[in-house]
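Fold and geometry: a report
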Amino acid sequence: YAIQDAVVAANVLTQPLLGKRLKLSHLKKVQNKRKWPTKFIQTFQRIIQKKVVGKALKRELKSIPLPLKIVRKIPFIKSIPARLVGIGFWRIRVK
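Here goes a summary of the coordinates provided.

Regarding helix α2 (residues 24-57)
Considering bend angle alone, the principal kink of α2 is centred on Q49 and spans about 45 degrees. Against the buried residues of α2 lie α1 (2-18), α3 (66-73) and α5 (80-86). The positive-phi residue at the C-terminal boundary of α2 is R59, with phi of around 60 degrees.

Written as structure tokens, this is what we have:
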């Protein structure tokens, strides 16, 4: 997500910086564009940590949760969690 943050920042801030007219509103725009994707991924990671990783480390995990079993069995679904963590919902491209 750090790279995506940087790309969004570059896309929003390049022209204002080059024109020496950067305002707080430009910075707020970057923040607003990254707010929800960041909240989503942090919530997703927190749930996985609490429900799976934390329990596994404490040896409280009796079996793999059903959603993870499904993800492991269906090939096209298998890549979705990694994609969400690595890329997010959509690709951010440099303009």
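Considering the packing of aromatic side chains
According to the stated counting rule, one finds one aromatic pair in the structure shown. Measuring from ring centre to ring centre gives 6.3 Å for F40 and F44, while their planes differ by 15 degrees; the resulting arrangement is stacked. Pair noted here: F40 and F44 are both in helix α2, with a separation of four residues, about one helical turn. Taking the ring centre of W36 as reference, the NZ or CZ of K39 above it sits at 5.4 Å.

What to know about the pattern of salt bridges
The final tally for this structure, using the stated rule, is one salt bridge. Notably, a salt bridge pairs D5 with R34, separated by 2.5 Å at the nearest N-O pair. Note that D5 is positioned in helix α1 and R34 in helix α2, a separation of 29 residues in sequence. Given the relative accessible area of 29%, D5 is considered partly exposed. Classification of R34 as buried rests on a relative accessible area of 7%.

With respect to empty space enclosed by the protein
Under the criterion given, the structure shown has one cavity of 30 Å³ or more. Taken as a whole, the largest cavity encloses approximately 40 Å³ of empty space. Taken together, Y1, Q4, R34, P37, I87, G88, F89, W90 and I92 make up the full set of residues lining the largest cavity.

Remarks on the packing of α1 against α2
At a closest axis distance of 9 Å, the pairing of α1 and α2 adopts a crossing angle of 160 degrees. Overall, the two elements α1 and α2 adopt an arrangement that is roughly antiparallel. Regarding α1 and α2, the two cross each other, and that crossing is right-handed. Of the residues in α2, those touching α1 at Q4, D5, V8, A9, V12, L13 and P16 are H26, L27, K29, V30, K33, R34 and T38. Here the contact of α1 with α2 is composed, by residue class, of seven nonpolar, three polar and four charged.

Each value, and the rule that gives it
- Residues numbered from 1 in each chain as written.
- Predicted model: local features only at pLDDT ≥ 70, side-chain atom pairs only at ≥ 80, totals over all residues.
- Heavy atoms only, no water.
- Bend = angle between axes of the 7 residues up to and from the residue.
- Helix = DSSP H or I, 4+ residues; strand = E, 2+ residues; numbered from the N terminus.
- Contact = heavy atoms within 4.5 Å.
- Phe/Tyr/Trp six-rings, centres within 6.5 Å; stacked < 30°, edge-to-face > 60°.
- Lys NZ or Arg CZ within 6 Å of the ring centre and 35° of its normal.
- Salt bridge = Lys/Arg side-chain N within 4 Å of Asp/Glu carboxyl O.
- Buried < 20%, exposed > 50% of the residue type's maximum accessible area, 1.4 Å probe, protein only.
- 1 Å grid on protein atoms, 1.4 Å probe; cavity = no way out; pocket = protein on both sides within 12 Å on 5 of 7 lines; lining within 4 Å.
- Points joined across faces, edges and corners; volume = space filled by probe spheres on them.
- Axes fitted to C-alpha atoms, helices over the stretch in contact; angles between N-to-C directions.
- Parallel < 35°, antiparallel > 145°, perpendicular 65-115°, else oblique.
- Left-handed = near helix turned anticlockwise from the far one by under 90°.
- Nonpolar A, V, L, I, M, F, W, Y, C, P; charged D, E, K, R; others polar.

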